[in-house]
Amino acid sequence: MKEYRRIYDRIKENWDHVAKPLDSLGVFEHVICRLGAIQGTEHPAAGKCCALIFCSDNGIVEEGVSQVGSEVTAICAENIAAGKSAVGVMASAQGIDVVAVDVGMACTGEVPGVLNMKVTHGTRNFLKESAMTGSQLDQAIHCGEECVRHLKEKGYDLVCIGEMGIGNTTTTSAVTAGILGLDAMSVTGRGAGLDDRGLERKRAVVSEAIRKYCLHEKNPYEVVCSVGGYDIAAMAGAILGGKKYGVPVVVDGAISLASLLLADHLDGDARNFVIASHKGREPVIGIILEKMNLDAVIDGDLALGEGTGAVMMVGLIRTALQVYDRCVPFAKSGVEQYKRFK
């Protein structure tokens, strides 16, 4: 962390020499400082980017917590891989590559265009038994880390993470409740658009899981084994890989932020190696951002998933980076250097 801090502070000093009012780009100045600190350079880059979308199914769907069934996950994953879904269209507009990864979909066959790193065919229904074993959790974490390692070897500057998996806002609510010691009411939202009856059922499922597994007494690793999803585990691995290989990871919404809770448990510095993207609709987003002391700059009431908020954030990062790299310095602007007063 000493080198991280040195580079971060050096970039912050460089910002002070850009011909504009001090700190006037607000959070974006800190984002660029963090970008460079993670990459280990005063000249950070965001040119070659990839969105990793981890796809998996959740046995808890059996309990009526979603509008549609698990078969939809594979359909959506194929559309993501083909560039036909929202994240594909948005990424294409910015020249961002998209890789869909099957880390645990229930389907038995290969899904066209989707990278197969399947742990197993979806998690178990956590109202009946633990969602996964420790070895399965470890395999999913390793999957995410390996994906980032491969991207680093291919010269990517930045990675966005996202997910696709019917029922995963329920797993996210249960994971967040367990790790942060919260009740079901505080953490459970409507996901992809549940009505009042569906929301009531979802809260009841999360509440029962807290009781069944004594989640408030377990550590984050145990919580994810009990009620989590393979997408959460894989994204935690991607975050850990980002730190290990010097690749900044832009997190999306509720599910990827829940993965940060696990990553930060496994490595207490993990929160310093991600960039938050948006303040979305699910209640856990604001809770986790505050817990992790992260600022998310997009406040657009997003609830789409697929890494879409993270992909949107890349455009903002690139814009701020252009100011850092190309804006005239005070020394050449004809304007006297602004002074920082303590």
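As shown above, the structure is provided for reference.
A brief look at the structure comes next. (Residues numbered from 1 in each chain as written. Predicted model: local features only at pLDDT ≥ 70, side-chain atom pairs only at ≥ 80, totals over all residues. Heavy atoms only, no water.)

Structural notes on the environment of Ile-32
Piece 1. Secondary-structure assignment places Ile-32 in helix H2 (residues 27-39).
Piece 2. Excluding residues that lie within four positions of it along the chain, Ile-32 makes contacts with Ile-11, Trp-15, Pro-44, Ile-317, Ala-320, Leu-321 and Tyr-324. (Helix = DSSP H or I, 4+ residues; strand = E, 2+ residues; numbered from the N terminus. Contact = heavy atoms within 4.5 Å.)

Considerations on helix H1 (residues 2-16)
Piece 1. Over its 15 residues, H1 runs 22 Å from end to end, which matches the ideal 21 Å to within 8%, given 1.5 Å per residue.
Piece 2. By the burial criterion, the buried members of H1 are Tyr-4, Ile-7, Tyr-8, Ile-11, Lys-12, Asn-14, Trp-15 and Asp-16.
Piece 3. Packing partners of the buried residues in H1 comprise H2, helix H13 (308-326) and helix H14 (330-333). (Expected span 1.5 Å × (residues − 1). Buried < 20%, exposed > 50% of the residue type's maximum accessible area, 1.4 Å probe, protein only.)

Considering the packing of aromatic side chains
Piece 1. Throughout the structure, instances matching the rule amount to four aromatic pairs.
Piece 2. Seen from their ring centres, Tyr-4 and Phe-273 are 5.1 Å apart, and the 50° between their planes marks the pair as tilted. With Tyr-4 in helix H1 and Phe-273 in the loop between helix H11 (254-266) and strand S6 (274-276), the pair connects residues that are 269 residues apart, well separated along the chain. The residues Tyr-4 and Phe-273 share a single accessibility class, namely buried.
Piece 3. Taken together, the aromatic side chains of Tyr-4, Tyr-8 and Phe-273 make up a single cluster linked through ring pairs.
Piece 4. A cation over a ring is seen here: Lys-48 above Tyr-156, with NZ or CZ 4.6 Å from the ring centre.
Piece 5. Geometry around Tyr-213 places Lys-212 over its ring, the cationic atom sitting 5.5 Å from the centre. (Phe/Tyr/Trp six-rings, centres within 6.5 Å; stacked < 30°, edge-to-face > 60°. Lys NZ or Arg CZ within 6 Å of the ring centre and 35° of its normal.)

Observations concerning the side chain of Asp-231
Piece 1. Inspection of the secondary structure assignment puts Asp-231 in helix H10 (residues 230-245).
Piece 2. Although buried, Asp-231 forms no salt bridge, and the nearest oppositely charged side chain, Lys-202, lies 12 Å from it.
Piece 3. Residues contacting Asp-231, with those up to four places away along its chain left out, are Phe-54, Ser-56, Val-103, Glu-163, Asn-168 and Ile-255. (Lys, Arg positive; Asp, Glu negative; His and termini not counted. Salt bridge = Lys/Arg side-chain N within 4 Å of Asp/Glu carboxyl O.)

Remarks on the environment of Cys-50
Piece 1. Looking at where Cys-50 falls in the secondary structure, it is placed in strand S1 (residues 49-56).
Piece 2. Sequence spacing of Cys-50 and Cys-160 is 110 residues, and the spatial spacing of their C-alpha atoms is 6.2 Å.
Piece 3. Each residue touching Cys-50, except ones within four places of it in the same chain, is listed here: Ile-96, Asp-97, Val-99, Leu-151, Tyr-156, Leu-158, Val-159 and Cys-160.

Brief notes about unusual backbone geometry
Piece 1. Of note in this structure, Asp-23 is not a glycine but carries a positive phi near 65°.
Piece 2. Taking the relative accessible area as the measure of exposure, Asp-23 reaches 36% and is therefore partly exposed.
Piece 3. Phi at Asp-301 takes a positive value of approximately 60°, unusual for a residue other than glycine.
Piece 4. Residue position: Asp-301 is located in the loop between helix H12 (283-291) and H13.

Re H2
Piece 1. Its 13 residues place the ends of H2 18 Å apart at the C-alpha level, agreeing with the 18 Å of an ideal helix rising 1.5 Å per residue.
Piece 2. Here H2 has its buried residues at Glu-29, Val-31, Ile-32, Cys-33, Arg-34, Leu-35, Gly-36, Ala-37 and Ile-38.
Piece 3. Buried-residue contacts for H2 involve H1, strand S4 (158-164), H10, S6 and H13.
Piece 4. Immediately beyond the C-terminal end of H2, within one or two residues, lies Gly-40, with a positive phi of roughly 80°.

Regarding the pattern of salt bridges
Piece 1. Tallied over the full model, the rule gives 23 salt bridges.
Piece 2. In this structure, the salt-bridge partner of Arg-6 is Glu-3, at a minimum N-O distance of 2.9 Å. On the criterion of helical spacing, the pair formed by Arg-6 and Glu-3 is a turn pair, its members being three residues apart in helix H1.
Piece 3. Here Arg-6 falls in the partly exposed class, since its relative accessible area comes to 44%.
Piece 4. Since its relative accessible area comes to 44%, Glu-3 is described here as partly exposed.
Piece 5. The salt bridge partner of Asp-16 is Arg-340, with a shortest N-O separation of 2.7 Å. Placement of Asp-16 in helix H1 and of Arg-340 in the segment after H14 is noted, with a sequence separation of 324 residues between them.
Piece 6. We classify Asp-16 as buried; its relative accessible area is 16%.
Piece 7. A single salt-bridge network, built from bridges that share partners, covers Lys-12, Asp-16, Lys-20, Asp-23, Glu-29 and Arg-340.

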